[in-house]
Amino acid sequence: MSTLKEFEEKLHGADEAERTYAAEDIGYLNVPDGVPPLLERLAQEPSLAVRAAIFQALIRIEADAAIEGSIELLGSEDPQIRNQAVDVLRRKGPQSIPFLKTVMREGDKDMRKLVLDVLSGMQAGNAGEIYAKALSDPDVNVVITAVENLGRMRAAEFRTRIEELMGTDSHPMLTGACLEALVEIGDESSLGAIRRRFPDLTSLPDFLLASYLKAMAALGSATEFGEVASLLPVRGPHLRPPILSALMAIYPHCPLLEPGETLLPALRAVVEDGDPPLCRYQAVRVLSFWAARDDVYAFLLSCLSSRERLVRLGAAESLSMTKRPGLAQVLAARALEESDEEVLQALAC
Amino acid sequence: MPDLSVEQFQTLSQQIYQKLGLHFDEKKIYFLKTRVAKRMTALGLDDPREYMFKLSYADPHGEEMQALANLVTTNETYMFREYDQLQAFANYCLPEVLSAKQARGERTLRIWSAGCSSGEEPYTLAMIVQDVFPQAQSWDCEIVATDIDENMLKRVAAARYGARSVADVPDEYRAKYLLEDGDEWIVRRRTTALVKARHLNLSDRMAMRAMRGFDFIFCRNVLIYFDDLSRKAVVDHFYNALNPASYVFLGHSESVGRVNTAFKLKRFENHLVYVKE
Amino acid sequence: MDTKKTILIVDDSEFVRSYHSHILEQAHFQVITAVDGSDGLEKLYSNVCDLVLTDINMGNMDGYEFIRRVRADGKYVSLPIIIVSTESEARDKMKGFEAGANLYLVKPSSPEMMVENIRMILVAN
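Since we're looking at a predicted model, the values are computed, not measured.

Asks: A description of the overall build of chain C should follow, citing residues and the corresponding values.
Replies: Assigned secondary structure in chain C consists of five helices and five strands. In sequence order, chain C lays out its α and β elements as β-α-β-α-β-α-β-α-β-α. Scaling as 2.2 N^0.38, a compact globule of 125 residues should have a C-alpha radius of gyration of about 14 Å, and chain C matches this with 13 Å. For chain C, the spread of C-alpha atoms along the principal axes amounts to about 40 × 30 × 30 Å. Counting all 125 residues of chain C, 54% fall into the buried class. Contacts in chain C between residues far apart in sequence, at least 24 positions, make up 58% of those at least 6 positions apart.

Structure below.
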């Protein structure tokens, strides 16, 4: 039976495949003593394939030694090694947290950021202490990464702190990250905090407006709907997706809203020659909120024969949710001429 | 049906790419939406954000991602499936490998169809090889077709297929390599002779190590159903199973690079392929 | 007619990709995004890109390896590549240039500086 010693020797063999298998076998042995030879080989291994096998082996070794070894690798000069170590630690889950706490205390800003990269796959609750410190870290990248993670993981317990960070005169990237986090964990008071922070939408740069709109999608209601709608004809085409997404998300919370004078024409313009094509689809879907209006209904029917398949798809989806006399026959007739499989599916619904 | 916003669709596509290595572009928004809707109904969710949160943070063993994977991929196997990829193989990769071998005075060609199911793929490859390379008969040419399912291997040996399996076979190929028998088609003996069916479990690492010296490996629409770690282990074995300057093909929407960075990306016209250098 | 230049953004953070995309789209660039170096190569090979903006710390394939592979392809020897990374030491910048990058911006970069640098590089090209 092969022993660790034998695998260690093969780890330095001339053949790349042999070294790969040696690393794999050490992983399957699953003993803490397997870690040092793997790390030693990693430092001199030129082959990406063998390196990958070494990292796989570190994942398979369950002992703390594998975690400790991977933590050391976070300080490597080689970013491939650093980032693969992040992946290993991530897969170890909460088991790695006590070790990560030490790094947060003693590591430099780059290491601290990597700790947060590790944590990005885990529930925040286990690492509450790390996050509390990270949100006050002197390095803004550490703070931004912490905020990103907390939002994605819906760590509502950090909501107030994140609202505070958003309120400060900090780097716009941090402000944006806070907005994005509040999309997931914000509540009514967050909406208030956001509106106070950004009283004037017209001067908000696009990269912050996009995050603001996502927050409105999550938290907004009738007041916000009108403001968001007014942006559609005036802001750049690349902002159409978040504007339209926000309108689509807000409307169901206030379903009797009137569109106002400028929204319907603006939506029609996007449907007709908006860019990118996915926006045209979104615009059709937003228009359909008012499908009870004859002019909108007629427009949606005309969309069924658009040259752009996404417009036809949007119209088919929207109309199949509408009730109008004679509509079923219209959709059936359209189905006879439609060649796109997905539009046909939508027509059949 | 729950509405997936454009941004949610993009986030979801990225998640699926990162977990399963599958690409979904904008054209697939309706497709993905309907599959996600099915999963949401099954889970009793009505907000897509809840579903996406579950996929990222409440799916510790990857079961939900697998359930979604099962819905977004088709298990159907048929000849000449993913024609684009086969074109890259037939028009660029195979000729390149053959010329290099001829220049070195080698006369062997070995292809592995991993997870061959009922055999449509290895026989497709055999037909292409014979067509692109008529000298295949005088070389030591072998297509190894492996699967974990013995019943599938029996069907490979039988080499007999119904209309659905052969629907996409180009007419010239059908005439040359298949024989009609009632409402079924039999693969001609000169073609079946190139294919060797064998039992193999892709997760059996010792058995995988024994697979060496291949010029092409095809493993299409199989690895989607593996978890991250197992999938990587399989592709890492493929790397060692290949000769230098040899190619690996996963499904056309599965990314090799997502799983293993030792392979290099190469482009032939509008085809992207992965090669072991 | 002046066609828009296309910029490929490679970063494993969804927020950063979105943030930088909006900065560049506001400056009238077209944007394609990728989640790591491997995805970046596939997107580069499948599209016409005029400039690449890449992070360094990414899983799967890091930024330096990505840049090396881009440069190894004869077709992309003079494609402008800008690194945007959190690491700020001079040694990191040297590594970037050795791999083949044209410029190193430290994250978080000011939107104005990012756009200005991109414009300058594209004009010089």
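Having seen the model, we can carry on.
Asks: Tell me about the overall build of chain A, and please be specific about residues and values.
Replies: Secondary structure summary: chain A contains 22 helices and zero strands in total. The globule rule puts the C-alpha radius of gyration for 349 residues at 20 Å, and the 27 Å found for chain A is more than 25% above it. Expressed as a percentage of its 349 residues, the buried residues of chain A come to 49%.

Asks: Any details on the interface of chain C and chain A? Residues and values, ideally.
Replies: The interface is formed by 21 residues belonging to chain C together with 23 residues belonging to chain A. Every element with two or more residues in the side of chain C that touches chain A is listed here: helix H1 (14-26) and helix H3 (63-72) of chain C. Among the elements that make up the side of chain C that touches chain A, the one with the highest residue count is H1 of chain C (seven residues). The residue inventory of the side of chain C that touches chain A, partitioned by class, reads eight nonpolar, eight polar and five charged.

Asks: Kindly report on the pairing of strand S4 (residues 81-85) of chain C, identifying the contributing residues and their values.
Replies: Residues and elements named next belong to chain C. Taken across its five residues, S4 has five buried, putting it largely inside the fold. On S4, burial covers both faces: Ile81, Ile83 and Ser85 on one face and Ile82 and Val84 on the other are all buried. In the sheet, strand S3 (residues 51-54) pairs with S4 via three bridges, with the strands oriented parallel. Across the sheet, the residue bridging to valine 52 is isoleucine 81, located in S4. Chirality of the crossover, the property in question, places the unit of S3, H3 and S4 among those that are right-handed. Handedness of the crossover joining S4 and strand S5 (residues 103-106) through helix H4 (residues 90-99): right-handed.

Asks: With reference to specific residues and values, describe the packing of helix H5 (residues 83-104) of chain B against helix H6 (residues 120-132) of chain B.
Replies: All names here are of chain B. Viewed as axis vectors pointing N to C, H5 and H6 meet at an angle of 45°, and their least axial separation amounts to 11 Å. On the basis of the axis angle, H5 is oblique to H6. The chirality of how H5 crosses H6 is right-handed. Taken together, the residues of H6 that come into contact with H5 (itself represented by Leu86, Phe89, Ala90, Leu94 and Pro95) are Thr124, Ile128 and Val132. Among the residues forming the contact of H5 with H6, the class breakdown is seven nonpolar, one polar and no charged.

Asks: Go over H4 of chain C with me, naming the residues and quoting the values.
Replies: Residue and element names in this part refer to chain C. Taken together, the buried positions of H4 are occupied by Lys95, Gly96 and Ala99. Each buried residue of H4 lies within a common arc of 100° when the element is viewed along its axis, so the set occupies one face. Exposed positions of H4 whose direction lies more than 90 degrees from the buried face are Ala90, Met94 and Glu98. Each element contacted by the buried residues of H4 is listed here: H3, S4 and S5. One or two positions beyond H4, positive phi appears at glycine 100, with a value near 125°.

Asks: Please give an account of the nonpolar core that cites residues and values.
Replies: Ranked by internal contacts, the top residues of the largest apolar core, which has 228 residues, are Val147, Val228 and Leu247 of chain A together with Ile217 and Val248 of chain B. The element best represented in this core is helix H14 (residues 206-219) of chain A, accounting for 10 residues.

Asks: So what's going on with the sheet that holds S3 of chain C? Which residues, and what values?
Replies: Residues and elements named next belong to chain C. Ordered by their spatial adjacency, five strands build an open sheet running S2-S1-S3-S4-S5, and the pairing between neighbours is parallel. The sheet terminates laterally at strand S2 (30-34) and S5, the two strands that pair on one side only. Neighbour-to-neighbour, the strand axes of the sheet open up by a mean angle of 20°, direction not taken into account. In terms of strand pairing, strand S1 (residues 6-10) meets S3 through four bridges, oriented parallel. Bridging across to S3, leucine 8 finds its partner in valine 52. Packing of H1 onto the sheet brings it into contact with S1, S2 and S3, and relative to S2 it is tilted by some 165°. Lying on the sheet, helix H5 (residues 111-124) is in contact with S3, S4 and S5; it crosses S5 at an angle near 175°.

Asks: With reference to specific residues and values, describe the interface of chain C and chain B.
Replies: In many reports, interface size means the accessible area that the parts give up when they come together. Between chain C and chain B, the residue contacts involve nine residues of the former and 11 residues of the latter. Looking at the side of chain C that touches chain B, the element that brings in the most residues is helix H2 (residues 37-46) of chain C, giving five residues. Its residues assigned to classes, the side of chain C that touches chain B comprises four nonpolar, three polar and two charged.

Asks: Mind laying out the confidence of the model for chain C, listing which residues take part and the relevant values?
Replies: The pLDDT averaged across chain C works out to 93; a share of 98% of its residues lies at or above 70. In the predicted assembly, ipTM is 0.94 and pTM is 0.93.

Asks: Quick rundown of the sheet that holds strand S10 (residues 271-276) of chain B? Include the residues and the values.
Replies: Read across the open sheet, the seven strands follow the order S6-S2-S1-S7-S8-S10-S9 (chain B); overall the sheet is mixed. The sheet is open, and its two borders are formed by strand S6 (195-199) and strand S9 (264-268) of chain B, each paired with just one other strand. Neighbour to neighbour, the strand axes of the sheet diverge by 25° on average, direction disregarded. Across three bridges, the pairing between strand S1 (residues 108-114) of chain B and strand S7 (residues 214-219) of chain B is parallel. Within the sheet, the bridge partner assigned to serine 113 of chain B lies in S7 of chain B and is phenylalanine 218 of chain B. Along the sheet, H6 of chain B makes contact with S1, strand S2 (140-147), S6 and S7 of chain B, crossing S2 of chain B at roughly 165°. Of the strands in this sheet, S9 and S10 of chain B touch H2 of chain C, which is tilted by about 10° from S9 of chain B.

Asks: So what's going on with the environment of leucine 43 of chain B? Residues and values would help.
Replies: By secondary structure assignment, the location of leucine 43 of chain B is in helix H2 (residues 29-43). Through-space distance from the C-alpha of leucine 43 of chain B to that of glutamate 269 of chain B is 44 Å; in sequence the pair is 226 residues apart.

Asks: Before we move on, can you summarise the confidence of the model for chain A with the specific residues and values?
Replies: Residues at a pLDDT of 70 or more form 99% of chain A, whose mean pLDDT is 94. Looking across chain A, the model is least confident in helix H22 (residues 341-348) of chain A, with a mean pLDDT of 91, and most confident in helix H3 (residues 35-42) of chain A, with 98.

Asks: So, the domain arrangement of chain A: which residues are in play, and what are the values?
Replies: Here chain A is partitioned into domain 1 (99-197), domain 2 (199-257) and domain 3 (272-277 + 286-349). Its C-alpha centre places domain 1 of chain A at a distance of 43 Å from the equivalent point of domain 3 of chain A.

Asks: Quick rundown of helix H3 (residues 48-57) of chain B? Include the residues and the values.
Replies: Residue and element names in this part refer to chain B. Within H3, the full set of buried residues consists of Pro48, Tyr51 and Leu55. Buried residues of H3 fall within an arc of 60° about the axis and therefore sit on the same side. The elements touched by buried residues of H3 are helix H1 (6-20), H2 and helix H4 (63-72).

Asks: Before we move on, could you go through the pairing of S5 of chain C and cite the residues and values that matter?
Replies: When S4 of chain C meets S5 of chain C, the two strands line up parallel, connected through four bridges. Bridged to serine 85 of chain C within S5 of chain C is valine 106 of chain C.

Asks: Describe the environment of glycine 96 of chain C, naming the residues involved and giving the relevant values.
Replies: Residues and elements named next belong to chain C. Structurally, the position occupied by glycine 96 is in helix H4. As for glycine 96 and phenylalanine 15, which are separated by 81 residues in sequence, their C-alpha atoms are 23 Å apart. Once residues lying within four places of it in the same chain are set aside, the contact partners of glycine 96 are Ile83, Ala101 and Tyr104.

Analysis parameters
- Residues numbered from 1 in each chain as written.
- Chains lettered and ligands numbered in written order.
- Predicted model: local features only at pLDDT ≥ 70, side-chain atom pairs only at ≥ 80, totals over all residues.
- Helix = DSSP H or I, 4+ residues; strand = E, 2+ residues; numbered from the N terminus.
- Rg over C-alpha atoms; globule rule 2.2 N^0.38 Å.
- Buried ≥ 20, exposed ≤ 12 C-beta atoms within 10 Å, placed from the backbone.
- Contact = placed C-beta atoms within 7 Å.
- Nonpolar A, V, L, I, M, F, W, Y, C, P; charged D, E, K, R; others polar.
- Pairing = 2+ DSSP bridges.
- Right-handed = clockwise from strand over helix to strand, strands pointing away.
- Axes fitted to C-alpha atoms, helices over the stretch in contact; angles between N-to-C directions.
- Parallel < 35°, antiparallel > 145°, perpendicular 65-115°, else oblique.
- Left-handed = near helix turned anticlockwise from the far one by under 90°.
- Arc of directions from axis to C-beta.
- Core = buried A, V, L, I, M, F, W, Y, C linked by C-beta atoms within 7 Å.
- pLDDT = per-residue confidence, 0-100.
- Domains from an automatic or database assignment.

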